[in-house]
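An overview of the molecular structure
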Amino acid sequence: MTPVPATPPPDTRDWLVVLEQGCDECGWSPHPAAESVQRLRAAAPAWTAVLARDDARHRPAETTWSPLEYACHLRDVVTVWEERTRAMVAEDDPVFSNFDGDATAIARQYWNASPAAVADEFAVATAETAGVLEGLSAEEWERPGRRGDGAPFTVSSLALYFSHELTHHLRDANGCPTVAS
Ligand SMILES: [Zn+2]
């Protein structure tokens, strides 16, 4: 079994700014929230291609996640997206439980995962979250919730927040976006 690899430096950038300004690193720009459904569905084949690559397990630098580790992270992020969306629809302005991506990576040993299994799990997670979003009414898209630090979200702004993560991490893994249909 591979020993625990080095942890990447903490991510201190405030990604909320991206929701209004777009991201100059990955080229993501704000879009209608409902478009997140197509982007989620398009992410599955894009990551299946990434995970089939020979370098899927390879870290480009000691403290940079491999494509496999990014895929595991994004799989779990997509599940957090579903959980938070469901909470906002069911509860009145819920406070999200914390998600520590670095701690989860170590606890779940992302570096030891099977790329083929992760591709399957990623496809399931994206389909489930897309299904939840597809079922939302116009009123439900605007339901509120807040992050542990108090930052306010709606179902729509949370969808944009995570839509950016889809694009940004695909760039991190040198993947090619598939055309959303
Ligand atoms: Zn970005």
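Reading guide: rules and limits
- Residues numbered from 1 in each chain as written.
- Predicted model: local features only at pLDDT ≥ 70, side-chain atom pairs only at ≥ 80, totals over all residues.
- Heavy atoms only, no water.
- UniProt positions renumbered as here; feature names shortened; annotations may be inferred.
- Helix = DSSP H or I, 4+ residues; strand = E, 2+ residues; numbered from the N terminus.
- Donors = N, O, S within 2.8 Å, 3.2 Å for Na, K, Ca; no water.
- Tetrahedral: all angles 85-135°; square planar, octahedral: opposite > 155°, others 65-115°.
- Buried < 20%, exposed > 50% of the residue type's maximum accessible area, 1.4 Å probe, protein only.
- Core = buried A, V, L, I, M, F, W, Y, C linked by side-chain atoms within 4.5 Å.
- Contact = heavy atoms within 4.5 Å.
- Axes fitted to C-alpha atoms, helices over the stretch in contact; angles between N-to-C directions.
- Parallel < 35°, antiparallel > 145°, perpendicular 65-115°, else oblique.
- Left-handed = near helix turned anticlockwise from the far one by under 90°.
- Nonpolar A, V, L, I, M, F, W, Y, C, P; charged D, E, K, R; others polar.

A separate point is the UniProt feature "domain: DinB-like" (unreviewed entry) in the protein. Under the feature "domain: DinB-like" (unreviewed entry), the UniProt entry names residues 39–171. Span residues 39–171 is 64% helix and 5% strand, its end C-alpha atoms 14 Å apart.

This part is about the coordination of the zinc ion. The protein atoms donating to the zinc ion are Cys-23 (SG), Cys-26 (SG), His-164 (NE2) and His-168 (ND1), with metal-donor distances spanning 1.9 to 2.3 Å. For the zinc ion, the four donor atoms in the first shell make angles of 105 to 114° at the metal, a pattern classed as tetrahedral. All donors of the zinc ion come from a single chain, and their spacing in sequence reads C-x2-C-x137-H-x3-H. In this pair, His-164 and His-168 both sit in helix H7 (residues 155–172), four residues apart, roughly one turn of the helix. Both residues of the pair, His-164 and His-168, count as buried.

Located in the positive-phi region is Asp-93, a residue other than glycine, with phi close to 50°. Mapped onto the fold, Asp-93 is located in the loop between helix H3 (67–90) and helix H4 (101–107). Positioned with a positive phi, Gln-109 is a non-glycine residue whose angle comes to about 50°. Along the polypeptide, Gln-109 turns up in the loop between H4 and helix H5 (115–134). The class for Gln-109 is partly exposed, based on a relative accessible area of 31%.

Okay, the nonpolar core next. Among the nonpolar cores identified, the biggest contains 48 residues, and Trp-47 and Trp-81 are the most heavily contacted of them. At the level of secondary structure, the elements contributing two or more residues to this core comprise helix H1 (16–21), helix H2 (36–51), H3, H5 and H7. Filtering out sequence-adjacent residues up to four positions away, Trp-81 remains in contact with Ser-36, Leu-40, Thr-129, Leu-133, Leu-158, Ala-159, Phe-162, Ser-163 and Leu-166.

Right, let's get into the packing of H2 against H3. The description of two helices packed together rests on the angle between their axes and the distance between the axes. Direction vectors running N to C along H2 and H3 enclose 155°, while the axes themselves pass 11 Å from each other. Between H2 and H3, the angle is such that the two are roughly antiparallel. As H2 runs across H3, the sense of the crossing is left-handed. Only Pro-67, Leu-68, Tyr-70, Ala-71, Leu-74, Val-78 and Trp-81 of H3 make contact with H2, whose side of the interface consists of Ser-36, Leu-40, Trp-47, Val-50 and Leu-51. In terms of residue class, the contact of H2 with H3 is made up of 11 nonpolar, one polar and no charged.

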